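As a plain string of letters, each chain reads:
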Protein chains: 2
Amino acid sequence: MATTPRDNVLDWLRDAHGMEQQAESMLTAQAERLENYPDLRARIQQHIEETRWQQQQLEACISRLGGSTSTVKDLTGKLMAFGQGIVGMTMTDEVVKGALSGYVFENMEIASYTILIAAAEAVGDTATRDTCAAILNQEVAMARWLLEHLGPVTETFLLRDQTPGVQAKR
Amino acid sequence: MATTPRDNVLDWLRDAHGMEQQAESMLTAQAERLENYPDLRARIQQHIEETRWQQQQLEACISRLGGSTSTVKDLTGKLMAFGQGIVGMTMTDEVVKGALSGYVFENMEIASYTILIAAAEAVGDTATRDTCAAILNQEVAMARWLLEHLGPVTETFLLRDQTPGVQAKR
């Protein structure tokens, strides 16, 4: 059974839209819980705004191709469960695992937009390609920030965690 | 309740060991299913060997610190479920989602070893730090390879997928 490249682009755009909705939930939950890591919290809050803008951009691409954002595909469902699982966990090393999970999620987004850019290019949809390239830049910047801050966050966590009476995990 | 940095290092090493076991299962399942993407298959097979070596290195760090590899912590359990979910799914765009998932998993590993390197450094455990740095290099190389090949894999998939009678997804 053959599928047109355009159908694939539309499916992947829908996946990306569901992914950004999940990103917004996960980041919002993280930002609300963080108390002792102000830089991380501020960067997450900035990225929540970017994520909302990205959702609108993806919606515009999806309607231009005649689709709707109502359907969520298999992998997105799995990823959403994964993200919700992370948000719902109370871990003693919450801030470290949260930063790790945020970095992982960013890289899922980076891979998704890299695929979408190649696919949009293949079908000659330059508007979708340019939108995805603009979103990709924001994801790369966020991933880079998180990777650079994983070490410092870990060091702060370990210092606080060995001090009796000090809350380290968020 | 205070926790020593050394306890955290041991916990994270155990998480990493569980993660590499899950990586081996996921990569093995992917390599076995791929038929029409020989470069991707070969790179995955190479990384399966690296993953086995990494497990041994982590086991050595864990025993040196007086721990055992039997306990699997919360997040690792979630990640394992996530990996298994991906392996079990039959998707029409399996090869694309497989490459995406592989890239995501590599980045989870990259974040984990970045955290472990900072933590090992903080407790002055240079042997663990050096082991994790050696593993990190392999993960970065694999992640880079996958990111560079996501576009070409997508293009090949789209070409095969629009051709009647040609199997595209693996």
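What counts as what
Residues numbered from 1 in each chain as written. Chains lettered and ligands numbered in written order. Predicted model: local features only at pLDDT ≥ 70, side-chain atom pairs only at ≥ 80, totals over all residues. Helix = DSSP H or I, 4+ residues; strand = E, 2+ residues; numbered from the N terminus. Buried ≥ 20, exposed ≤ 12 C-beta atoms within 10 Å, placed from the backbone. Contact = placed C-beta atoms within 7 Å. Axes fitted to C-alpha atoms, helices over the stretch in contact; angles between N-to-C directions. Parallel < 35°, antiparallel > 145°, perpendicular 65-115°, else oblique. Left-handed = near helix turned anticlockwise from the far one by under 90°. Nonpolar A, V, L, I, M, F, W, Y, C, P; charged D, E, K, R; others polar. Least-squares fit on C-alpha atoms with pLDDT ≥ 70 in both. Core = buried A, V, L, I, M, F, W, Y, C linked by C-beta atoms within 7 Å. Expected span 1.5 Å × (residues − 1). pLDDT = per-residue confidence, 0-100.

J.: Could you give me a rundown of the overall build of chain A, with the residues and numbers involved?
T.: Along its length, chain A carries 5 helices and 0 strands. Listing every helix and strand of chain A by position from the N terminus yields α-α-α-α-α. Taking all 170 residues of chain A together, 46% fall into the buried category. Once local pairs closer than 6 in sequence are excluded, the contacts in chain A between residues at least 24 apart make up 78%.

J.: Summarise the packing of helix 4 (residues 94–122) of chain A against helix 5 (residues 126–161) of chain B; cite the residues concerned and give the values.
T.: Two elements in contact, helix 4 of chain A and helix 5 of chain B, have axes whose closest approach is 9 Å; the angle formed by their N-to-C orientations is 40°. Classed by the angle they form, the pair helix 4 of chain A and helix 5 of chain B counts as oblique. Seen along the crossing, helix 4 of chain A lies across helix 5 of chain B with a hand that is right-handed. Listed contacts from helix 5 of chain B to Ala-111, Thr-114, Ile-115, Ala-118, Ala-119 and Ala-122 of chain A of helix 4 of chain A are Leu-147, Leu-150, Gly-151, Thr-154, Glu-155 and Leu-158 of chain B. Residue classes in the contact of helix 4 of chain A with helix 5 of chain B are distributed as 8 nonpolar, 3 polar and 1 charged.

J.: If you had to explain the relation of the copies chain A and chain B to someone new, which residues and values would you point to?
T.: Aligned on chain B, chain A shows an RMSD of 0.0 Å; the corresponding rotation is 180° and the shift along the axis is 0.0 Å. Both copies of the chain, as the preceding transformation shows, are related through a two-fold rotation axis. When you check the interface residues of chain A against chain B, 100% turn up at the interface there too, and the contact is symmetric in its surfaces.

J.: Explain the environment of Glu-20 of chain B to me, using residue names and the numbers behind them.
T.: Residue and element names in this part refer to chain B. For Glu-20, the location among the structural elements is in helix 1 (residues 5–33). On the basis of neighbour counts, which here come to 23 C-beta atoms within 10 Å, the residue Glu-20 falls in the buried class. Considering only alpha carbons, one finds Glu-20 and Glu-121, 101 residues apart in sequence, at a separation of 22 Å. Excluding residues within four positions of it along the chain, Glu-20 makes contact with Thr-51, Gln-54, Gln-55 and Leu-58.

J.: Can you lay out the interface of chain A and chain B for me, pointing to particular residues and giving the numbers?
T.: Taken together, the 39 residues of chain A in the interface contact 39 residues of chain B. Every element with two or more residues in the side of chain A that touches chain B is listed here: helix 1 (5–33), helix 3 (74–88), helix 4 and helix 5 (126–161) of chain A. Among the elements that take part in the side of chain A that touches chain B, helix 4 of chain A stands out by supplying 14 residues, more than any other. A per-class count over the side of chain A that touches chain B returns 21 nonpolar, 12 polar and 6 charged.

J.: Quick rundown of the environment of Thr-92 of chain A? Include the residues and the values.
T.: You can see Thr-92 of chain A is positioned in the loop between helix 3 and helix 4. Between the alpha carbons of Thr-92 of chain A and Leu-34 of chain A there is a distance of 13 Å; along the sequence they are 58 residues apart. Apart from the residues lying within four places of it in its own chain, the contact partners of Thr-92 of chain A are Lys-169 of chain A together with Thr-3 of chain B.

J.: I'd like a description of the nonpolar core, backed by residues and values.
T.: Nonpolar side chains tend toward joint burial in soluble globular proteins. In this structure, Leu-116 of chain A together with Leu-116 of chain B are the most contacted members of the largest nonpolar core, which totals 86 residues. Contributions of two or more residues to this core are made by helix 1, helix 2 (38–64), helix 4 and helix 5 of chain A together with helix 1, helix 2 (38–64), helix 4 (94–123) and helix 5 of chain B. If sequence neighbours within four positions are ignored, Leu-116 of chain B has contacts with Trp-12, Leu-13, Ala-16 and Cys-132 of chain B.

J.: Talk me through helix 4 of chain A; I want residue IDs and the actual numbers.
T.: Taking 1.5 Å per residue as the helical rise, helix 4 of chain A with its 29 residues ought to reach 42 Å, and the 42 Å between its terminal C-alpha atoms agrees with that figure. Counting buried positions along helix 4 of chain A gives 27 out of 29 residues, so the element sits mostly inside the fold.

J.: With reference to specific residues and values, describe the environment of Arg-129 of chain B.
T.: Residue and element names in this part refer to chain B. Within the fold, Arg-129 resides in helix 5. Take Arg-129: there are 21 C-beta atoms within 10 Å of it, and that puts it in the buried class. Separated by 16 residues in sequence, Arg-129 and Tyr-113 place their C-alpha atoms 8.9 Å apart. Setting aside anything within four residues of it in sequence, one finds Arg-129 in contact with Ile-117, Ala-120 and Glu-121.

J.: Run through the packing of helix 1 of chain B against helix 2 of chain B, naming residues and quoting values.
T.: All names here are of chain B. Across the interface, helix 1 lies against helix 2 with an axial gap of 9 Å and an inter-helix angle of 155°. Taken together, the axes of helix 1 and helix 2 lie roughly antiparallel to each other. Two packed elements cross with a definite hand, and for helix 1 against helix 2 that hand is left-handed.

J.: Lay out the confidence of the model for chain A with the relevant residues and their values.
T.: Mean pLDDT over chain A works out to 89, with 87% of the residues at or above the 70 mark. For this predicted complex, the interface score ipTM comes out at 0.91, alongside a pTM of 0.92.

J.: How would you explain helix 4 of chain B if you had to name every residue and give the values?
T.: All names here are of chain B. Here helix 4 spans 43 Å end to end across 30 residues, near enough to the 44 Å set by a 1.5 Å rise per residue. When you tally the buried positions in helix 4, you get 27 out of 30 residues, the bulk of the element. Gly-124 sits one or two positions beyond helix 4 and adopts a positive phi of about 75°.

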